[in-house]
Amino acid sequence: MPDKRERVFTEQLDLPGGRRARVSAYDDGSVRFELSDAPYVIQEAFLGGRGDHAVLMLSPGKQGSAAMHGKVQPPPTPTA
């Protein structure tokens, strides 16, 4: 059985509107993000990296987000 990973870092952030975010890092290199006031929907994700960074943007799903209902459509293509 593999050893259980160990949390080596945690930081909590107080966000506007009373929301909270917590970031935890583990000894195996993994990172965990926790956000209050769920649900959220993924708005943007560059997990393979943008340069040497991974980017993840979440939007509140309970503010009328169409993404929460599976009705996401790509933005319109600009016309010349």
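Coordinates for the structure precede this section.
Reference entry: report on the structure contained in this document.

Conventions we followed
Residues numbered from 1 in each chain as written. Predicted model: local features only at pLDDT ≥ 70, side-chain atom pairs only at ≥ 80, totals over all residues. Heavy atoms only, no water. Helix = DSSP H or I, 4+ residues; strand = E, 2+ residues; numbered from the N terminus. Buried < 20%, exposed > 50% of the residue type's maximum accessible area, 1.4 Å probe, protein only. Contact = heavy atoms within 4.5 Å. Pairing = 2+ DSSP bridges. Patch = residues over 30% accessible without salt bridge, like charges linked within 9 Å, V, L, I, M, F, W, Y side chains within 5 Å. Areas by Shrake-Rupley, 256 points an atom, 1.4 Å probe, with all protein chains shown as cover. Salt bridge = Lys/Arg side-chain N within 4 Å of Asp/Glu carboxyl O.

1. Remarks on unusual backbone geometry
Argument step 1. Here Ala-38 and Pro-39 are connected by a cis peptide whose omega angle stands at 15 degrees.
Argument step 2. Examined against the element boundaries, Pro-39 turns out to sit in the loop between strand 3 (31-35) and strand 4 (40-50).
Argument step 3. Unusually for a residue other than glycine, Asp-37 sits at a positive phi of about 65 degrees.
Argument step 4. Along the chain, Asp-37 turns up in the loop between strand 3 and strand 4.
Argument step 5. Assessed through its relative accessible area of 37%, Asp-37 is described here as partly exposed.

2. Description of the environment of Ser-59
Argument step 1. In this fold, Ser-59 is placed in strand 5 (residues 53-60).
Argument step 2. Taking relative accessible area as the criterion, Ser-59 reaches 16% and is therefore assigned buried.
Argument step 3. Each C-alpha atom of the pair Ser-59 and Ile-42 lies 6.5 Å from the other, and the pair is 17 residues apart in sequence.
Argument step 4. Those residues in contact with Ser-59, other than ones at most four positions away along the chain, are Pro-39, Tyr-40, Val-41 and Gln-43.

3. Focus on the pairing of strand 1 (residues 7-14)
Side-chain positions along a regular strand alternate between the two faces of the sheet.
Argument step 1. Pairing geometry for strand 1 and strand 2 (residues 20-26), over 7 bridges, is antiparallel. Looking at the pairing, Thr-10 lines up with Ser-24 of strand 2.
Argument step 2. Between strand 1 and strand 2, which pair antiparallel one after the other, the connecting turn spans 5 residues, and Gly-17 there sits at a positive phi close to 75 degrees.

4. Some words on a nonpolar patch on the surface
Argument step 1. Nonpolar side chains collect at one region of the surface, where Leu-35, Ile-42, Leu-47, Leu-56 and Leu-58 lie side by side and expose about 460 Å² of accessible area between them.
Argument step 2. Those elements giving two or more residues to the nonpolar patch turn out to be strand 4 and strand 5.
Argument step 3. With respect to the helices and strands, the residue Leu-58 is situated in strand 5.
Argument step 4. Judged by relative accessible area, Leu-58 falls into the partly exposed class, the value being 32%.

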